[in-house]
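Tertiary structure, described
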Amino acid sequence: MAETLQFDLHPDEVEVFAQETAEQIQQLDQGLLTIEETGHDPEVIQRIFRAAHTLKGSAGAIGHHRMANLTHSMETVLALLREGRLAVSTPLVDLLLSAVDALKLLAQEVATRTPSGVDPEGLIQQLQAYTVSDEAAARPASVPAEPVAAAAEGPEEPKETPSQEGRQARVSLQIARDSFAPAARALQVLLALEEAGEIIASQPAREAILRGEAVYQLEVVVATSWDAERLRKQLAHIGDLANVQISFREEQAPAPAEATARTTAAEAAAASRPSPAARLSVDKSSLRTVRTSVERLDKLMNLVGELVTDRNRLLQTHSSLRQRAEDSEHLSALAQAISHLASITDELQEEVMRARMLPLENVFNKFPRMVRDLARDAGKQVVLQIEGQETELDRSVIEEIADPLMHLLRNAVDHGIEPPEERRAAGKPETGTIRLAGRSEGSHIVITVADDGRGIDPEKVRRSAVEKGLISEEAAARLTESEAIDLIFMPGLSTAKKVTDVSGRGVGMDVVRSNVERLRGTVKVTTMPGKGTTFELSLPLTLAIMPVLLVNLQGGTYCIPLSSVVEVLQVESQSIHRVDRGEVVLWRDRLLPLLRLRQCFGLAEDGARNGHASSVVAVRWGDEYAGLVVDGLLGQQEIVIKNLGKMIGQVAGITGGAILGDGSVALIIDVPGLVKQAIRDVARL
Amino acid sequence: MKDQMSEEQLVVFELAGESYGVEIGRVQEIDRMQAITVVPQAPPFVEGVINLRGRITPVVDLRTRFGLPKAEPTPLTRIVVVKAGEEWVGLVVDAVSEVLRIPVDAIEPPSAMVTTAESTYLRGIAKLESRLIILLDLDRVLDKEFQAAAPVLA
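Residues numbered from 1 in each chain as written. Chains lettered and ligands numbered in written order. Predicted model: local features only at pLDDT ≥ 70, side-chain atom pairs only at ≥ 80, totals over all residues. Heavy atoms only, no water.

**A look at the overall build of chain A**
A tally of helices and strands in chain A yields 24 helices and 22 strands. Here chain A has roughly 34400 Å² of accessible surface; of this, 51% comes from carbon and sulfur atoms. (Helix = DSSP H or I, 4+ residues; strand = E, 2+ residues; numbered from the N terminus. Areas by Shrake-Rupley, 256 points an atom, 1.4 Å probe, with all protein chains shown as cover.)

What follows is the structure, encoded as structure tokens:
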């Protein structure tokens, strides 16, 4: 039987705990990398100190002692760093980063409730070694002596005394609305907490409670050595209480940075015990933002989707009513209401979309650490430049792009950037640069991963593909350079000279492409031998609502995502050429393979159209094009993508369904699937 | 309470001259026949999909599912929408006749009857004074992988 861990938090709070600790851990990770690069940076050190401190508090509050102990010793080391009593060094940053890794696993235990097997004791001892040797260590020369600045930061610095005396518990609770004597209950709480320690503040104040004012919400700050469990027990016998929340803090709320810098030591000392009221009011300001679950946002988005559908339906109904009936007062009132509803729906859709947007930073900030570690393991020097991390993207897309980006960055470190000697020999700086940049472009965002490494040699890719039997020698010879480079997206191809543990197993690039395609995005590669390689990922801003071109096929309506439509053509039958199994038409100086959708979907041939011009929708997927032959075009609409359900399952050429304005169901065409099919058909010549 | 326990409520519908019953608890609603969007290359017994108040709902033609001859829809044709886990599925039937309350002891399990195959869509048969109602095992009817002969009385 595996051991189950117990923590002092409600199951509902697990997710919040996970998210908050993840944020703090991220801060630590990032900050440590920054100081490794820049050396002693008081502001950054203060930030990571604070992160470690917050983590200690959260871990302590739920009774995760190993995590609290580890963060405590990290905090002690960081305090020394901040005071300049310890110098930033690579071994120290490495140690702190290992501690961060351990923290990640320890934090996960709260969700899994199974021991992660992490024993922080070794790390704690190593960290403590730094604090002990500090006494003997001379002040590092690289750190300017800033006694005033250090003192000025004094008030923010918790006294690192192991005693629990300075600990303050903040107890907040609600008293039931139907309590017959809410003030008496509040007084009971105050009296009970007085047994635990000194009451520093309460809101409402004790006087108000004594006056007998009805109290339904009570917040008390008490200096106590008791833990949450004991406090909770102390309150357990009091009736009518609900939602009792206990948190601990050992320091004051953060003061604005500039204010801190200007504070003199004396003022600082005076301010070191801020009024409890101020403390409570600082906490209040954090109530301006609300954490909400992704599920709730998804639900909101679905509801908005329904509204969009209904708006379309109303618009359509109104226009058919107007055709039938004479224009009346009611009809124009209806028109007004619909148009108002329509604009509100648009706005609501926009707002809900925005609420679901996250800056790219959320994915990007994982990478500096990863690239650093990879480069070190590979014996390479790499700088990761990040740009446009503020670009926002729907969280459903954000979640899905982390993996493809990780593959691309690994590839850049592993295969792109050369070892320092090789770079020097090529007359390049020893340190390679990888640029990770995001930017928005209309309804898409584009993410670029560019390295200044050796580039991809089309010859090598060609050879490798032939050797691995992926294509024939003749076919390889016929490929243009850029087509040859595109072979890297084929499953089973890897040009790495040696296999490393992170990439080069021949999985990766094909996964990148298929992941991005699943998001209705594209990936493009350009490379210059000796100069570097650039990957460009283009992704839709959201996956939930999609503008489409509606087409007609044997009486049925089908949707083609507008993002993949390049052009709509009328093609005369004599300009269609047969090549082996497929048909092509000359278009924009290239052969556009045609796919007759009726045929693809096993529908009857349209005899009436023989000899007439056909409607062809030219679609693009990545660098590939195909022409979809349809019966006719019906116009554009915004649709909400819906699943066809398990009963139907995967159907070739169809990715889902949508409800149109008239209430009927239209099927959404799977453009990537069809384009691939068209190419396969024509490639067999 | 006790009485309710020993009774079962069925939605009874007609298909090629036989009466079939499904538990009322599984039935979401009963709709008139409506335009069905054909899904090319879907499993053969899936007629297509319909819009049920914003939900795309697959529709199964029970005649096709049971290997019975196809029939043109009539004014009596109905779509019985049943729950399949989280999803809804519409079943096209010739007509819905009634909602019946039958005593549990009127139901004979399939093992008591002579069936040609081990596996059938049959859950049992309800014997009433003048007629027999075939009770369907909906989970099997809705299981794409499951195939059996039509549960028709000999």
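**Here's the deal with the overall build of chain B**
What chain B contains, in helices and strands, is three helices and 11 strands. The helix and strand sequence of chain B, counted from the amino end, reads α-β-β-β-β-β-α-β-β-β-β-β-β-α. For chain B, buried positions account for 49% of its 154 residues. Expressed as a percentage of contacts within chain B between residues at least 6 apart in sequence, the contacts between residues at least 24 apart total 57%. For chain B, the exposed area adds up to about 8000 Å²; of that, 52% sits on carbon and sulfur atoms. (Buried < 20%, exposed > 50% of the residue type's maximum accessible area, 1.4 Å probe, protein only. Contact = heavy atoms within 4.5 Å.)

**Details of the packing of aromatic side chains**
Inspection of the entire model under this criterion finds five aromatic pairs over all chains. Judged by centre distance (6.4 Å) and plane angle (80°), the rings of A:F489 and A:F535 are edge-to-face. Of this pair, A:F489 sits in the loop between helix 21 (481–486) and helix 22 (509–518) while A:F535 sits in strand 11 (residues 532–540), and the two are 46 residues apart along the sequence. When its relative accessible area of 7% is taken as the criterion, A:F535 is described as buried. Joined through ring pairs, the aromatic side chains of B:F13, B:Y20 and B:F66 make up one cluster. Against the face of A:W226 rests A:R230, its NZ or CZ located 3.8 Å from the ring centre. We note A:R513 situated over the ring of A:F489; from NZ or CZ to the ring centre the distance is 4.2 Å. (Phe/Tyr/Trp six-rings, centres within 6.5 Å; stacked < 30°, edge-to-face > 60°. Lys NZ or Arg CZ within 6 Å of the ring centre and 35° of its normal.)

**With respect to the side chain of A:D631**
All names here are of chain A. Looking at where D631 falls in the secondary structure, it is placed in the loop between strand 19 (624–630) and strand 20 (632–640). According to the relative accessible area criterion, D631 is buried, its value standing at 9%. In terms of polar contacts, D631 uses its side chain to reach the backbone amide nitrogen of Q554, at 2.7 Å. (Polar contact = N/O pair within 3.5 Å; in protein donor to acceptor, adjacent residues only side chain to side chain.)

**Looking at a nonpolar patch on the surface**
Residues and elements named next belong to chain A. Nonpolar side chains collect at one region of the surface, where L307, L314, L341 and L348 lie side by side and expose about 260 Å² of accessible area between them. Breaking the nonpolar patch down by element, the ones donating at least two residues are helix 13 (294–324) and helix 14 (329–355). One can find L314 in helix 13. (Patch = residues over 30% accessible without salt bridge, like charges linked within 9 Å, V, L, I, M, F, W, Y side chains within 5 Å. Salt bridge = Lys/Arg side-chain N within 4 Å of Asp/Glu carboxyl O.)

**Quick word on the packing of helix 1 (residues 13–38) of chain A against helix 2 (residues 42–61) of chain A**
Residue and element names in this part refer to chain A. Remark: helix 1 packs on helix 2, axes separated minimally by 9 Å, with the N-to-C direction vectors making an angle of 150°. Looking at the two axes, helix 1 sits roughly antiparallel to helix 2. The interaxial crossing formed by helix 1 with helix 2 has left-handed handedness. Residues F17, T21, Q24, I25, Q27, L28, G31, L32, T34 and I35 of helix 1 pack against V44, I45, R47, I48, A51, A52, T54, L55, S58 and A59 of helix 2. Within the contact of helix 1 with helix 2, the residues separate by chemical class into 12 nonpolar, seven polar and one charged. (Axes fitted to C-alpha atoms, helices over the stretch in contact; angles between N-to-C directions. Parallel < 35°, antiparallel > 145°, perpendicular 65-115°, else oblique. Left-handed = near helix turned anticlockwise from the far one by under 90°. Nonpolar A, V, L, I, M, F, W, Y, C, P; charged D, E, K, R; others polar.)

**Overview of the pattern of salt bridges**
Any two side chains of opposite charge can pair, on the condition that their charged atoms come close. Inspection of the entire model under this criterion finds 43 salt bridges over all chains. Salt-bridge contacts for A:R439 lead to A:E441; the nearest nitrogen and oxygen are separated by 2.9 Å. Overall, the relative accessible area of 33% leaves A:R439 in the partly exposed class. The partner of B:E108 in a salt bridge is B:K127, and the shortest N-O contact between them spans 2.8 Å. Pair noted here: B:E108 is in strand 9 (residues 107–108) and B:K127 is in strand 10 (residues 122–127), with a separation of 19 residues, a long-range link. The partly exposed category is assigned to B:E108, whose relative accessible area is 25%. A relative accessible area of 44% means that B:K127 is categorised as partly exposed. Each member of the salt-bridge network shares a partner with another, and the members are A:D29, A:E36, A:D94, A:D101, A:K104, A:R369, A:R372, A:D373 and A:R376.

**A closer look at the sheet that holds strand 15 (residues 576–579) of chain A**
All names here are of chain A. Sheet architecture is open: six strands sit in the order 14-18-19-17-16-15, paired in mixed fashion. Bordering the open sheet on either side are strand 14 (565–571) and strand 15, each of which pairs with just one other strand. Each neighbouring strand pair of the sheet contributes to a mean axis angle of 35°, computed without reference to strand direction. The pairing of strand 15 with strand 16 (residues 582–587) spans four bridges and is antiparallel. By the bridge assignment for strand 16, I576 is matched with V585. (Pairing = 2+ DSSP bridges.)

**Observations concerning the interface of chain B and chain A**
Between chain B and chain A, the residue contacts involve 22 residues of the former and 23 residues of the latter. Both faces considered, chain B and chain A share a buried interface measuring about 1700 Å² in area, 65% of it formed by carbon and sulfur atoms. Three residues, B:P40, B:Q41 and B:I56, lead the burial of chain B against chain A; their summed loss comes to 33% of the area buried on that side. Run the count over chain B and chain A and you get one salt bridge. A salt bridge links A:K646 to B:E87; the nearest nitrogen and oxygen atoms lie 4.0 Å apart. Run the count over chain B and chain A and you get three residue pairs in polar contact (both at pLDDT 80 or more). Secondary-structure elements contributing two or more residues to the side of chain B that touches chain A are strand 4 (46–52), strand 5 (55–61) and strand 7 (87–93) of chain B. (Buried area = accessible area lost by both parts, 1.4 Å probe.)

**With respect to unusual backbone geometry**
Residues and elements named next belong to chain A. The peptide bond linking Q203 to P204 adopts the cis configuration, its omega dihedral lying at 0°. A positive phi angle, near 55°, is found at N243, a position not held by glycine. Here N243 lies in strand 4 (residues 241–249). On the basis of relative accessibility, which here comes to 44%, the residue N243 falls in the partly exposed class. At D589, a position not held by glycine, the phi torsion is positive, near 60°. Examined against the element boundaries, D589 turns out to sit in the loop between strand 16 and strand 17 (590–596).

**Digging into helix 13 of chain A**
Residue and element names in this part refer to chain A. For helix 13, which comprises 31 residues, the first-to-last C-alpha distance of 45 Å matches the rise-based estimate of 45 Å (1.5 Å per residue) to within 8%. When we look at burial in helix 13, the residues that qualify are L297, M301, V304, G305, V308, T309, R311, N312 and H318. If you follow the buried residues of helix 13, they end up packed against helix 14, strand 12 (545–553), strand 20 and strand 21 (654–659). (Expected span 1.5 Å × (residues − 1).)

**A word on the sheet that holds strand 10 of chain B**
Residues and elements named next belong to chain B. If you trace the six strands from one edge of the open sheet to the other, you get 8-1-2-11-10-9, paired in mixed fashion. Edge positions in the open sheet fall to strand 8 (95–103) and strand 9, since each of these has one partner strand only. In this structure, strand 1 (residues 7–15) lies alongside strand 2 (residues 18–23), joined through six bridges in antiparallel fashion. Counterpart to L10 in the pairing with strand 2 is E23.

**Thoughts on the pairing of strand 6 (residues 78–84) of chain B**
Side-chain positions along a regular strand alternate between the two faces of the sheet. Residues and elements named next belong to chain B. Of all seven residues that make up strand 6, five are buried, and the element is covered over most of its length. By the bridge criterion, five bridges tie strand 3 (residues 27–32) to strand 6 in an arrangement that is antiparallel. If you follow E29 over to strand 6, its bridge partner there is V81. Pairing of strand 6 with strand 7 involves seven bridges; the strand directions are antiparallel. Directly across from V80, in strand 7, lies its bridge partner L91. Once strand 6 ends, the chain turns through two residues before running back antiparallel as strand 7, passing G85 with a positive phi of about 65°.

**Overview of a negative patch on the surface**
A cluster of acidic side chains, namely A:D8, A:D12, A:E13 and A:D227, defines a negative patch on the protein surface. When you line up the elements, A:D12 lands in the segment before helix 1. (Lys, Arg positive; Asp, Glu negative; His and termini not counted. Charge placed at Lys NZ, Arg CZ, Asp CG, Glu CD.)

**Some details on the confidence of the model for chain A**
Should pLDDT be low for a region, the predicted coordinates there are not to be read in detail. Residue and element names in this part refer to chain A. Confidence along chain A averages 79 in pLDDT terms, with 85% of residues attaining 70 or more. Every residue in residues 135–165 is under pLDDT 50, and counting partners more than four places away or in other chains gives 39 contacts. Of the regions scoring below 50 in pLDDT, residues 495–506 engages in 20 contacts with residues more than four places distant in sequence or in other chains. (pLDDT = per-residue confidence, 0-100.)

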